[in-house]
Structures are given as C-alpha cells and as structure tokens.
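Inside the fold
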Amino acid sequence: MNMVNVVLVVSAVVSVPACVFSLMVMAGSRKEAKRMRELEETGVLVEARLAALAPFGNRGYAAVRYEFRGPNGEKAEYGTGVTLMPVHVVGDTYPLVHHPRNAKIVYQGTRAAVRKERKSQEGFARGAGRIASAFFLAGALSIGALALGP
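Quick look at the structure, then. (Residues numbered from 1 in each chain as written. Predicted model: local features only at pLDDT ≥ 70, side-chain atom pairs only at ≥ 80, totals over all residues. Heavy atoms only, no water.)

1. Thoughts on the overall build of the protein chain
A tally of helices and strands in the protein chain yields 2 helices and 5 strands. By the compact-globule yardstick of 15 Å for 150 residues, the protein chain is too spread out, its C-alpha radius of gyration being 23 Å. Out of the 150 residues in the protein chain, the part that is buried amounts to 29%. The contacts of the protein chain with a sequence gap of at least 6 include a subset with a gap of at least 24, amounting to 58%. When the accessible surface of the protein chain is summed, it comes to about 9,600 Å², and 64% of that surface belongs to carbon and sulfur atoms. (Helix = DSSP H or I, 4+ residues; strand = E, 2+ residues; numbered from the N terminus. Rg over C-alpha atoms; globule rule 2.2 N^0.38 Å. Buried < 20%, exposed > 50% of the residue type's maximum accessible area, 1.4 Å probe, protein only. Contact = heavy atoms within 4.5 Å. Areas by Shrake-Rupley, 256 points an atom, 1.4 Å probe, with all protein chains shown as cover.)

This is the structure we're talking about:
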C-alpha cells in the first residue's frame, strides 16, 4: 500500500465521524434557532427580580435564581449560571423573555438579544451544514479515488 492509498483511506475514515458530528451540531443549532424564533415572535418581556446569588469556584461564576410572574400570573422561577463580571445584585431587576404559555422556556435578555441569538444560531446551523457537506464530499472523493485507483 503506497502513501497515496494511506492518505485516501485516512481521509475516508475521518470524514464519516466528522460529517456525523457536523450533522448533530446542525440539528441542535436548528432546534435552538426554532426555539429562539418562537420566543422572538410570541415571547413576553418581563422584569425578573434576582432572588438568589451563590458564587461557585474561584473563576468568577455564580448560580443565580430569578423570580418573575408567569403567563397566568403565578410566581415562576428561572435558575442559571452567570459570570460575575457585570455586577449582579440581589433584589435588582433584569430583563427576561419567556414563552406566553410555558414559563420554563426562558431567555435572559431583551427581545433584541433574542433576535441576535436566533441569527447567531441560524449562522451556526448554516456553517455546520457547509462543514458536513464538505466532509461528505471529501469522503466520497477519497472512496471514489480508492475504487478507481490501481
């Protein structure tokens, strides 16, 4: 087996998992973009009060819990991890966008931030699709070269 055949075999073997991984990334990005689009179109902007702040580790991160009024007026909570660089103060209010019928679908930020995140996720999905097609094409070409080669 000469060096050209070795390179073609390695290319064919590497292209399969890379293509599959790119397709998985694309599916996740599309799902997140769909969720962001739904929040952008029907989301309700509320002011959430920071109820709890618990720093963890020594790298400037904290677990926070926000309280806000849900879709039916009931008290809802949202917990996430944040960096402490913009100072967070317990008791202050922060913008939060939630789904009108399900208070568990939440994005921390304004509607403009939701739109920006949606566009970003759509870009990730397009990029992952391009990468998946490039790896598929590379694998197909290397397998074709192996089949046609001596």
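What follows continues from the structure just given.
2. What to know about the pairing of strand β4 (residues 93–98)
Across 6 bridges, the pairing between strand β1 (residues 44–56) and β4 is antiparallel. Considered in β4, the bridge of Glu 47 is made with Pro 95. In terms of strand pairing, β4 meets strand β5 (residues 106–108) through 3 bridges, oriented antiparallel. Opposite Val 97, over in β5, you have Tyr 107 as the bridge partner. (Pairing = 2+ DSSP bridges.)

3. Here's the deal with the packing of helix α1 (residues 3–42) against helix α2 (residues 111–148)
Running from amino to carboxyl end, α1 crosses α2 at an angle of 160 degrees, the nearest separation of the two axes being 6 Å. In terms of their interaxial angle, α1 and α2 are classed as roughly antiparallel. Note on packing geometry: the crossing formed by α1 with α2 is left-handed. Here the contact of α1 with α2 is composed, by residue class, of 23 nonpolar, 10 polar and 10 charged. (Axes fitted to C-alpha atoms, helices over the stretch in contact; angles between N-to-C directions. Parallel < 35°, antiparallel > 145°, perpendicular 65-115°, else oblique. Left-handed = near helix turned anticlockwise from the far one by under 90°. Nonpolar A, V, L, I, M, F, W, Y, C, P; charged D, E, K, R; others polar.)

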